[in-house]
Structure formats: C-alpha cells, structure tokens
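# Understanding the architecture of this molecule
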Amino acid sequence: MSEPGPSGEGGGLGVAGQEAEADGEPPQEGPQNLPSSEAQEEAGEEAPPAAKQPRLAEEVELDLCPPGTGAEITFDDGGDQSLVLITDKELSKPEDDGKTAEESERGEVKWHQNGGESKETVEEIERGDQSDNTSPQETACQRQYFGLDFSQNPQMLSGSWAEYTHTPENYLKGCKWAPDGSCILSNSADNVLRVYNLPPELYSGSWDLLSEMSPVLRMSEGDTIYDYCWFPKMSSLDPDTCFIASSSRDNPVHIWDAFYGDLRATFRPYNHLDELTAAHSLCFSPDGSQLYCGFEKTVRVFYTERPGRDCEERPTVVKKQGQSGIISCLAFSPSQAVYACGSYSRTVGLYSCEDGSLLALLPQRHNGGVTHLLFSPDGYHLYTGGRKDPEILCWDLRDPGRVLFSLPRTISTNQRIYFDLDPSGRYLVSGDTVGVMSVWDMLTAPSDGNEDVLQPFLQFQAHRDCTNGISIHPFMPLVASCSGQRQFPWPDDSGGSGSESDEDRVMSSNGIREDNALMLWWAGPLGSTSEEGQQEGPAVLEN
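Residues numbered from 1 in each chain as written. Predicted model: local features only at pLDDT ≥ 70, side-chain atom pairs only at ≥ 80, totals over all residues. Heavy atoms only, no water.

## Some details on the overall build of the protein chain
Across its full length, the protein chain carries seven helices and 36 strands. The 543 residues of the protein chain split such that 57% are buried. For the protein chain, the exposed surface amounts to about 22,800 Å²; the carbon and sulfur share of it is 47%. (Helix = DSSP H or I, 4+ residues; strand = E, 2+ residues; numbered from the N terminus. Buried < 20%, exposed > 50% of the residue type's maximum accessible area, 1.4 Å probe, protein only. Areas by Shrake-Rupley, 256 points an atom, 1.4 Å probe, with all protein chains shown as cover.)

## As for the sheet that holds strand β7 (residues 192-197)
As summarised here, the arrangement of the four strands in space is β5-β6-β7-β8, forming an open sheet in which the pairing is antiparallel. Edge strands, defined here as strands with exactly one partner in the open sheet, are β5 (172-177) and β8 (217-220). For this sheet, the mean angle separating the axes of adjacent strands, direction not counted, is 20°. Pairing of β5 with strand β6 (residues 183-188) involves four bridges; the strand directions are antiparallel. When the sheet's bridge partners are listed, Lys-176 is paired in β6 with Leu-185. (Pairing = 2+ DSSP bridges. Axes fitted to C-alpha atoms, helices over the stretch in contact; angles between N-to-C directions.)

## Regarding unusual backbone geometry
With a phi angle near 60°, Asp-250 is a residue other than glycine that sits in the positive phi range. Non-glycine residue Lys-297 carries a positive phi angle of around 60°. Among the secondary structure elements, Lys-297 is positioned in the loop between β14 (290-295) and β15 (298-303). Given the relative accessible area of 38%, Lys-297 is considered partly exposed.

## Here's the deal with the pattern of salt bridges
With the rule as written, the count across this model stands at 14 salt bridges. The partner of Arg-486 in a salt bridge is Glu-169, and the shortest N-O contact between them spans 3.4 Å. Highlighted residues: Arg-486 in the loop between β33 (478-483) and β34 (490-491) and Glu-169 in the loop between β4 (155-160) and β5, separated in sequence by 317 residues. Note on Arg-486: relative accessible area 14%, which makes it buried. Classification of Glu-169 by relative accessible area gives partly exposed; the value is 41%. Note that Asp-227 is salt-bridged to Lys-176, the shortest N-O span being 3.7 Å. Linking Asp-227 in strand β9 (residues 225-230) with Lys-176 in strand β5, this pair joins segments that are 51 residues apart in sequence. (Salt bridge = Lys/Arg side-chain N within 4 Å of Asp/Glu carboxyl O.)

## Topic: the packing of aromatic side chains
For the structure shown, the criterion picks out twelve aromatic pairs. Seen in terms of ring centroids, Phe-150 and Tyr-427 are 5.0 Å apart; in terms of plane orientation they differ by 70°. Their pairing is edge-to-face. Residue Phe-150 is found in the loop between α5 (140-143) and β4, and its partner Tyr-427 is found in strand β28 (residues 427-430); the two are separated by 277 residues along the sequence. Taking relative accessible area as the criterion, Tyr-427 reaches 7% and is therefore assigned buried. Feature note: the residues Tyr-292, Phe-332, Tyr-339 and Tyr-351 constitute an aromatic cluster, connected by ring pairs. When the ring centre of Tyr-228 is taken as reference, the NZ or CZ atom of Lys-176 above it lies at 4.4 Å. Residue placement shows Arg-309 over the ring face of Tyr-270; its charged tip is 3.9 Å from the ring centre. (Phe/Tyr/Trp six-rings, centres within 6.5 Å; stacked < 30°, edge-to-face > 60°. Lys NZ or Arg CZ within 6 Å of the ring centre and 35° of its normal.)

## A word on the pairing of β33
The element β33 is largely enclosed, with a buried count of six among its six residues. A two-sided burial pattern is seen for β33, the buried positions comprising Leu-478, Ala-480 and Cys-482 on one face and Val-479, Ser-481 and Ser-483 on the other. One ladder, built from five bridges, connects strand β32 (residues 467-472) with β33; its direction is antiparallel. Bridge assignment links Thr-467 to a residue of β33, and that residue is Ser-483. The hairpin turn running from β32 into β33, its antiparallel successor, is five residues long.

## Let's talk about the pairing of β9
By the criterion of burial, β9 is predominantly enclosed, with six of the six residues buried. As paired strands, β9 and strand β10 (residues 243-248) are joined by five bridges and run antiparallel to one another. Looking at the pairing, Ile-225 lines up with Ser-248 of β10.

## Looking at the confidence of the model for the protein chain
Low-confidence regions, as indicated by low pLDDT, have predicted coordinates that should not be scrutinised in detail. The share of residues in the protein chain with pLDDT of 70 or more is 65%, and the mean pLDDT across the chain is 74. The low-confidence segment residues 493-511, where pLDDT is below 50, has ten contacts with residues more than four positions distant or belonging to other chains. Note that pLDDT drops below 50 for residues 528-543; the model gives that stretch 25 contacts with residues more than four away or on any other chain. (pLDDT = per-residue confidence, 0-100. Contact = heavy atoms within 4.5 Å.)

## What to know about the side chain of Thr-298
Residue placement: Thr-298 occurs in strand β15. The residues contacting Thr-298, other than those within four sequence positions of it, are Cys-293, Glu-313, Arg-314, Pro-315, Thr-316 and Ile-327.

## Regarding the environment of Pro-400
Positionally, Pro-400 belongs in the loop between β25 (391-396) and β26 (402-408). In this structure Pro-400 comes out as partly exposed when scored by relative accessible area, which is 42%. Put simply, Pro-400 and Leu-382 are 18 residues apart on the chain and 9.9 Å apart in space, counted from C-alpha to C-alpha. Not counting chain neighbours up to four residues away, the residues in contact with Pro-400 comprise Ala-360 and Leu-362.

## Quick word on the sheet that holds strand β21 (residues 348-352)
If you walk across this open sheet you meet the four strands as β19-β20-β21-β22, and the pairing is antiparallel. Sheet topology places β19 (327-332) and β22 (358-362) at the edges, where each strand pairs with a single neighbour. Strand-to-strand twist of the sheet, defined as the mean angle between neighbouring strand axes without regard to direction, takes the value 20°. The sheet contact formed by β19 and strand β20 (residues 338-343) spans five bridges and is antiparallel. By the bridge assignment for β20, Ile-327 is matched with Ser-343.

## Concerning the environment of Asp-355
Along the chain, Asp-355 turns up in the loop between β21 and β22. Sequence-wise, Asp-355 and Glu-312 are 43 residues apart; in three dimensions their C-alpha atoms are separated by 9.7 Å. One polar contact links Asp-355 to Ser-352, side chain to side chain, over a distance of 3.4 Å. Reaching out from Asp-355, the side chain makes a polar contact with the side chain of Ser-357 at a distance of 2.9 Å. (Polar contact = N/O pair within 3.5 Å; in protein donor to acceptor, adjacent residues only side chain to side chain.)

Written out as structure tokens, the structure is:
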C-alpha cells in the first residue's frame, strides 16, 4: 500500500473527547486522486510525491481515467476474463454498428474471454476510433449504472480499521469519494480528515491479495468537524483543482491541499458582533466558483478565488418569515439554478442561486432536524433525512410540499446518517444505527404520490455498529461505507450496594459493539474475489 503522506498544518491528531450530541445543537462530526505515471507523462505534468502515487503491478490492465475522458477501464481478474467499464463520454457516442437489443440491455459492462481482446479494445480507443456500441435510445438510467449489480450482497474488498484505534472512541463520521473517483475522504472523531487512494491491487486485479488501506494524507482540524466537501471540478491531472473545504467549531473555513495536505487558504465568516463564527454546513456551487456556508438563519456565499472575509449574506428569515434554525446541510439542483437548505428546525427550503430568494418552504415532516439531503440526477426529486427519524422522504419538486414516498430505515440517534444515489438515480443506498446497509430501487417506487412506503429490496449487515457514511463511486461499481458512534457504557450492576464509593463504581462495557472502520465494497459482477474471501473479511475486522 502507499505510505502515509505528510500531515497538514497543526501537527498530530486533534483532541479526542467531544461532548455528546443533543437535539438543540449541531451534530459533532463532521477523494483526492493520484494519477498514474503514464497519465502524468501524457499530460506533461510534474509527478506528485511518491506517497501520492499508487504502486501498480507489472500486469496492470487498468488505465484509471476520470469520467468524460472517453477511455475504457479494464480490470484483469487474474484469470481469462477482463471486465471493461465504459465511462460517460464513451457511452454518449451515437450507435453506428447495429448493436442488438440483447447487447444494449447489458449496458456498459462487457466480458472478454481473453486479455488479448481487451487490449485490442483499449488500443482502438487510443487510436481515436469513433465507433461505439451504445444505442442512443438507451436511457440515462440504463447507460449509467456503471456495472452496479445489487442482485446479491456487495462484496467486501478492503478497508481501514487499525487507523482508528490509536485514539479512544475514535469513531468515523462520514466518507466521500473524490469527484474524479481516484480516492476517498473520511472524517472521524479525532478531528482528522484522511485521504485514501484506491487499493493498488485493484489496478492489477489481484483482489485476493488486498490488504488493509492506509491513508496517504492526514489533515488535522483544531476542533469538532462540522462539515467538509470536495471541490466539484477536482481532477488529479490538475493539482490546482485538488482541494477540500472543511469547517470546525470555533474555526474559519479551511481549504486543504489534497495533494500535499497543506493549508491553502481560509474563509473567515464574522457575525454581527464582528466575532469569528463557524459554518455548520458547506457546499461548492456546481461550477466551483462559489462556496456556500450554512449558519443560523443565514447562508453566506464566498468566492472560491477570493479567500478572506468578504462574502455575500443571504438571510433565510426575512421579517420573521422564512426558514429558521441552523442551516445544517446544502445541495444544488443538477438541472436548475436552485439550491436546497436543510435546517435543524426540521424544514427544507428551496432558494434561487441568483439572489438567494426563497422559492418554496417545504413543511415540517421530519421528527428531528434535517441532517442530509440529495437531489435526483434529473432535478425533479429531493431526498431528505433527519435526526432520530425512521424514514427518508422523497419530495416532488414539480409540486413543492408533496411527498411521493418514504424509505424506511432505523435511526435512533442524533448522529448524521448519510445516504447516496448512484449516478443514474436508480439506486439509493443508506446505512442505519444497527449497521445494516439498505438498497432501494427507484424504478419500483410508487408513482401515485400517496406517500406509500418503499421497502428496500436488499439489506445486509455491513458493520457491527452504526453505519453512518455511504458514498457511491462516481463511475465504478464501488461503494464506500464507514461506521462508529459514541459509546456510553452502563454502570456495572454487580455491586448493587448503595454504600459503594465512587472509587468502587466501575463502568461496564459489556454489550457494546464497537466497529470503527472504513470499508470498500464491490457492487458489480464478481471478479477474482471468492465467496470465501468475502466471509473472511468481517473476521479480520474482529481481530
């Protein structure tokens, strides 16, 4: 595996113990890519430090390119087959070879019977061959599944767990893939953001040899991390675009270099008393030119190219009308100039990107504060989830205020539980507080709008503890998950004596199922990994 890279400014790990979360306060929680040497040579760029370069085996068959480059991605599974995944640009080309309907149904996944055929295909792409097998009649959903296959339980590939045992109660609180899919970012209770590269073994197809992942970068914040996000135009081929925004308690918004872990810049929001205040939520605009930050009854907009304290203030409450509470999460519509704000007041507001005016205020339907929201790829639907709320709601934005259906999940804490949609918008994946990962198929969702309950079609035990982070790879059939939560041991009742002194009172940790780990799952056609290897994965975690 790649060796850990240098730490960010601030040195070692942050303070470990945080206060317990409560309904009245924000949750206390809160992928960087390394191009291969060949890709760097083609781009004519200087190679990054050795710590950020994946070490590929001699039999490498995978040329990992970000979406839109029009390249094929080939996995050699160590046998006589190679899995080829077609990226966005390649899939968008018109059909000119009379592909059959049966081939169209297979989407972007093709199986070659030998490595020679796969190599020839890649060479054709490199020569600029314009022919393609994709029918223009195929819908975006069908063409962009990228090999996702939830007909069976996803297969565990690798993970990181030893990294989170150095500090007591160092549970994870979320994970997010980089926009170019080359690496993944995690957040944990020790206030450190960690960047992991894709396991090098994935490049060679030697999945049976996958070892535990190690972070290549650590960026330490000074206090509890409220939120963090990737720059949306991030590409490893352009180091200037590789950065992360993060916000922590009593600190300004930090911009971290995702190539070297250094602090690049800060955005300093001040309140009406001219005191530095921390943002509770962060989100870049789709073009990356602006950074939106959520505060109590206010959204502040900074310009990415102009760090400092200058910003635009957009109140969410005007003349006692509007969306009150702390803005806990933000998301942008992919089809319109609209952004959504979730609040701890259990409401969701839709705002204009142009001037921040309130377009619609959705009713209070959640049991607790809204902690996460996502737009569907077509922009017609909005999915929201909240604290101690047993369901994810799907809103119809063509008729604001109307709930189409709900997705049940087990949420019994104030912790922020993420969920994610695959790039086609068909599959929604979420964890819950008992460690179960659930998958819903949006094609089976009721269309009558009677607020029916859509049951998951796949559930499996991904972790032994709360599965709070879910992130689907932008163009490969990979799902990242992370787990953990603050544990509160109960007093040992073995004594039972009222005269027992404080020194004699001990805390029992019996029954606590700690599982603080970042896991990587294969959700595509089975490769070289065996069912035996999948069963051995959790056993390694328990050690």
